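Single-letter residue listing:
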Amino acid sequence: MPVQPRALLIESIRSGTIASLVIVPLSPLFKAAGLRIGHYGPKFAALFFDNPQPWLLFAQHLVIGWVSALPLLAILAKTGAGRRPLLAGTAYGAAYYVAVNSLALPVFFGDPLPWQLGAATVLPSLVGHIIY
């Protein structure tokens, strides 16, 4: 049975919200350990808003979570990956980190790649994306 777009959208908002909230506690933990986390949230928001406030960054975090959940849910629904959702989710989180956070965003903002900065830069975001 084909996945209905409206159902996929609703599930993306539901799942994306849950996943986005689950990873929020990681930020203060990683920051307390002196690790870099959440580097691109403020940079991305600043493209659209001057001096983005915490409430706006949180709203952006949720919206990005909704958008990020959509491809994973489509993959789970339309392929055999749905039989192994934990494995598929882990692979998706790692691939998302590599494509978006370790390549696209640093290139767009003219930053060094996390891989060039070392494990203290790579691991927090990679772990967060895998947990998501």
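J.: Break down the overall build of the protein chain for me, with residues and values.
T.: Across its full length, the protein chain carries 7 helices and 0 strands. In sequence order, the protein chain lays out its α and β elements as α-α-α-α-α-α-α. Compactness check: the protein chain gives a C-alpha radius of gyration of 15 Å against a globular reference of 14 Å for 132 residues, within 12% of the reference. Its C-alpha atoms put the protein chain at 45 × 30 × 25 Å along the principal axes. Looking at the protein chain as a whole, 30% of its 132 residues qualify as buried. Pairs at least 24 apart in sequence give 65% of the contacts found in the protein chain among residues at least 6 apart.

J.: Which residues make up the packing of aromatic side chains, and what are the values?
T.: Summed over all chains, the structure comprises 5 aromatic pairs. Between Phe44 and Phe48 the ring centres are 5.4 Å apart and the planes differ by 70 degrees, which places this aromatic pair in the edge-to-face class.

J.: Describe the packing of helix α4 (residues 54-78) against helix α5 (residues 85-109), naming the residues involved and giving the relevant values.
T.: It is the contact of α4 with α5, at a shortest axis distance of 11 Å, that shows an interaxial angle of 130 degrees. Here α4 is positioned oblique relative to α5, judged by the angle of their axes. Of the two possible hands of crossing, α4 and α5 adopt the one that is right-handed. Packed against α4, whose contacting residues are Ile64, Ser68, Pro71, Leu72, Ile75 and Leu76, the element α5 presents Pro85, Ala88, Gly89, Tyr92 and Tyr96 at the interface. Taken together, the residues that form the contact of α4 with α5 break down as 9 nonpolar, 2 polar and no charged.

J.: Go over the environment of Pro54, please, and point to the residues and values.
T.: Tracing the backbone through its elements, the reader meets Pro54 in helix α4. Given the relative accessible area of 61%, Pro54 is considered exposed. Through-space distance from the C-alpha of Pro54 to that of Pro42 is 9.1 Å; in sequence the pair is 12 residues apart.

J.: Now, about the pattern of salt bridges: what can you tell me, with residues and values included?
T.: Overall, the coordinates contain 2 salt bridges when judged by the stated rule. Measuring nitrogen to oxygen at the nearest pair gives 2.7 Å for the salt bridge that ties Glu11 to Arg14. Of this pair, Glu11 and Arg14 both sit in helix α1 (residues 5-23), 3 residues apart, which is roughly one turn of that helix. Accessibility expressed as a relative area gives 25% for Glu11, which makes it partly exposed. A salt bridge links Lys43 to Asp111; the nearest nitrogen and oxygen atoms lie 2.7 Å apart. Residue Lys43 is found in helix α3 (residues 40-45), and its partner Asp111 is found in the loop between α5 and α6 (114-117); the two are separated by 68 residues along the sequence.

What counts, and at which threshold
Residues numbered from 1 in each chain as written. Predicted model: local features only at pLDDT ≥ 70, side-chain atom pairs only at ≥ 80, totals over all residues. Heavy atoms only, no water. Helix = DSSP H or I, 4+ residues; strand = E, 2+ residues; numbered from the N terminus. Rg over C-alpha atoms; globule rule 2.2 N^0.38 Å. Buried < 20%, exposed > 50% of the residue type's maximum accessible area, 1.4 Å probe, protein only. Contact = heavy atoms within 4.5 Å. Phe/Tyr/Trp six-rings, centres within 6.5 Å; stacked < 30°, edge-to-face > 60°. Axes fitted to C-alpha atoms, helices over the stretch in contact; angles between N-to-C directions. Parallel < 35°, antiparallel > 145°, perpendicular 65-115°, else oblique. Left-handed = near helix turned anticlockwise from the far one by under 90°. Nonpolar A, V, L, I, M, F, W, Y, C, P; charged D, E, K, R; others polar. Salt bridge = Lys/Arg side-chain N within 4 Å of Asp/Glu carboxyl O.

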